[in-house]
Structures are given as structure tokens and as C-alpha cells.
Amino acid sequence: MKKSFLLLITIITLASCGGDNKSVDAVIDSKDMAAVKAKRAELNKQQRELKAEIDKLNAYIDENEKKERPALITAEVIKDTLFKHYVEVQGNVETDQNVVLNAEYSGVLTNVYVKEGQRVSKGQRLAKIDDGGLSSQVAQQEAQMALAQTTFERQQRLWEQKIGSEIQYLQAKTNYESAKNVTNQLRAQLAKTVITAPFSGVVDEIISDPGQVVVPGQTPIIRLVNLSNMYVKASIPETYLKNITKGTQVKVKLASINEEFTGKVRQVSNYINPNNRSFDIQVEIPNKDGLVKPNLIATVKVNDYSAEGAITVPENVLQENAAGETIAYIYHPVNDSVGIAKRVLLETGLSYQNHTEVKSGLKKGDTIIKEGAKTLRDGQKVTIKN
């Protein structure tokens, strides 16, 4: 409004005078059309020149008045808190009780006593391989061992009574021990024709069918899985080796089944993988509903740093000055509505989830300026938005 009024006064003043000192009325009274047009052109030129000057004055006034107005900001009172930093890696769900049982004896698979999905106990018979007459040999050898044992026991009693020669006693003892060793070997061979469960679990897959010829170490027969002892295995960069130990807190997320767990590191590897310079950790996880399966992908967050009573600030309030130092602005009240922005130098630590720990430069109770901090200068007047 002031600008328009000033411009109007200027125009009126120009209208009352001219470059040839003749008033507008005088030029009009002369009825000289050329003189009237010339007077109008002269006044238009003066109007443009004065308007440019007025714009400069207005710009200066606006700039200085703006500097005097307090900048609008938002602020937050700093509190101490428990700060935790986590290193995030990808892991894999595993179990030590996930095995494929292979044949240990050559022959025809005659029986499979279980079905897929069946729960079995440790030591339970799962399948049988034809022994090819080995059981008959064992029976015959056991009879021979029994005879050798009887002969030895009788010869031993005679020897204790000082009857008979020492050589007879030693021969009877040797024959018995030899027969016992052969019998044990044959029994061990016969035991390989029966496949038993090495632990309690669930028959996940029957790989070979009855009637199939199986070969030791080459023919898989049954996959057995126990899902009650699951854990996540993850590789951690070696730079975190000092900060991660047995018992370190861990958060595990299984996105595919939408499950999250909080646990602890139960084992830290003593070996650094030379290919990727990392070490392995294991984190035990519960599997109450049986939804956790081997080879599920897991997101593992390992708590490598914690600080009690830490001062933290949002990352977006931190700035860097020309010297590369980290700075922020804090609010100092002048009265109930206006304050001063004070610049402070900060020593910062680790950052996590958009918050950074401040080692020095801020204390509990300080009011940190958040929104509007990027455009402030030290000592500028500010006011907090309601």
C-alpha cells in the first residue's frame, strides 16, 4: 500500500512539470499535438526511471526488515537415553540335525518301515537291506564262539587247579578271543543292513524305494530332520570381531514367514574366512509352531555397541562447516516468544535409525533446533512454531 501511494505521488509530481518547464495544462492549452505527445513520452520515461529506483529502495527495505524478523523453527529438548547400534547382515537358518541317511551295506533294499512326515525316535528302525546270508554266518560264528568260550572257561579252571599245561590254557584263550573278535565284526557288518534313526525327528523324504540296489556311501535312502534345534548362521565382517562375543544381543527377522525373534549369540567362530574377511556366528531361535525351516533367509541385527545415558540427535539437524567440523544450533530464549540460535561444535559417534550419538557439545536439557536449522546463522533471532 505504501509503495502504491509513493508511486502515485511521483506520477502527480511529474505531471505538474516537464522538461521544458511547461506544465501539462500549458502544453494541452497550446493545442500542439506534437508537443503533447512529446510531453507524454518524457513523463513515461521519467516514470520508468523513478519506478526502478523505487524498486531498489523497496528491495533494501524488505531485506533488512526480513533480517529483523525472527526465523520460524521447531525445537526439541534433549534427553539422555540408552543408545544401541546394530550391524545388519543376512543369515541362513540351519540345523545340525538335518541329514541324509546313506546305505552302509551293498545289497537290495528290502523294507522301508516309515512314511514321509512320520515322527520317529532315536534308534528306531527305518529300513532294511538284504544281508545276503550274513545273518546265517553270524549265527554260525556265534555257535563257534560259544564253544570256544566253554573250552576256555574249562581250561581256565583246570589251570587254576594246577592241572594241564600252560600252552593248553593259552591256546584255549586265544581261540576264544579270536572267535569273539570275528563274531563282533560280523555283527557290526550285519548291523549295517538295518538303517536306524541317529536322532529323534521327522522323516522328511524317502529317497530310495524297496527293491532298489544300494551301494555304501553312494545311495541316499532317507532324509531325517529335527526342527526343534534351529539356529541362524551369519557372517560378520572381521572389523566387528572385538565387539561381538558369546551372549551379544541379536534381533532376527524371517520375512518369508513374518516372524521376528530376539536372542543372543551362542557361538562365535574362531576362524576368519580369507575369501570375504568375515567370521561366523550362530543364534539359536525358537520353533514352537514348526514354521522355521532350514535354509530360510534371515535378516540379522547384531548389537555391537551400547551406551547408557547417551545424548542422541536426529541426523538431519547435523551440518558441516567449511573446516569439516560437525555443527548444530541450540535455542537460547530471550523472552517468552523470541530466542537466539547459538551454533555449537559437536563430536559425534555412531549413527543408527536416523539418530546419531553426540559425544560432546550438547548436554541433557539443551534445546536443539530441528526444522529451519539449515538456513540459520549464529546469533540469529528465532521463534518456535506453536
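Preceding this paragraph is the structure being described.
Residues numbered from 1 in each chain as written. Predicted model: local features only at pLDDT ≥ 70, side-chain atom pairs only at ≥ 80, totals over all residues. Heavy atoms only, no water.

Draft legend 1. Representation of the environment of threonine 193. Position of threonine 193 among the secondary structure elements: in the loop between helix 5 (166-191) and strand 8 (194-196). Separated by 85 residues in sequence, threonine 193 and valine 108 place their C-alpha atoms 9.7 Å apart. Residues in contact with threonine 193, not counting those within four places in the same chain, are Tyr105, Ala127, Lys128, Ile129 and Asp131. Engagement of the side chain of threonine 193 in a polar contact is seen with the backbone oxygen of leucine 190, the distance being 2.5 Å. (Helix = DSSP H or I, 4+ residues; strand = E, 2+ residues; numbered from the N terminus. Contact = heavy atoms within 4.5 Å. Polar contact = N/O pair within 3.5 Å; in protein donor to acceptor, adjacent residues only side chain to side chain.)

Draft legend 2. Local environment of the sheet that holds strand 5 (residues 107-112). The strand order across the open sheet built from 4 strands is 8-7-5-10, with neighbouring strands paired in antiparallel fashion. Among the strands making up the open sheet, the edge pair consists of strand 8 and strand 10 (213-214). Two strands pair when backbone bridges link them, and strand 5 and strand 7 (residues 125-129) are joined in this way by 3 bridges, in the antiparallel orientation. Looking at strand 7, one finds that asparagine 111 is bridged to lysine 128. (Pairing = 2+ DSSP bridges.)

Draft legend 3. The arrangement of the layout of surface pockets in detail. In this structure, the largest pocket spans a volume of roughly 240 Å³. Along the walls of the largest pocket sit 13 residues, with Val202, Asp204, Val225, Leu227 and Lys293 positioned nearest its centre. Mapped onto the lining of the largest pocket, the elements with two or more residues apiece are strand 9 (201-206) and strand 11 (220-225). With 3 residues, strand 9 is the largest single contributor of residues to the lining of the largest pocket. Among the residues making up the lining of the largest pocket, the classes are represented as 5 nonpolar, 4 polar and 4 charged. (1 Å grid on protein atoms, 1.4 Å probe; cavity = no way out; pocket = protein on both sides within 12 Å on 5 of 7 lines; lining within 4 Å. Points joined across faces, edges and corners; volume = space filled by probe spheres on them. Nonpolar A, V, L, I, M, F, W, Y, C, P; charged D, E, K, R; others polar.)

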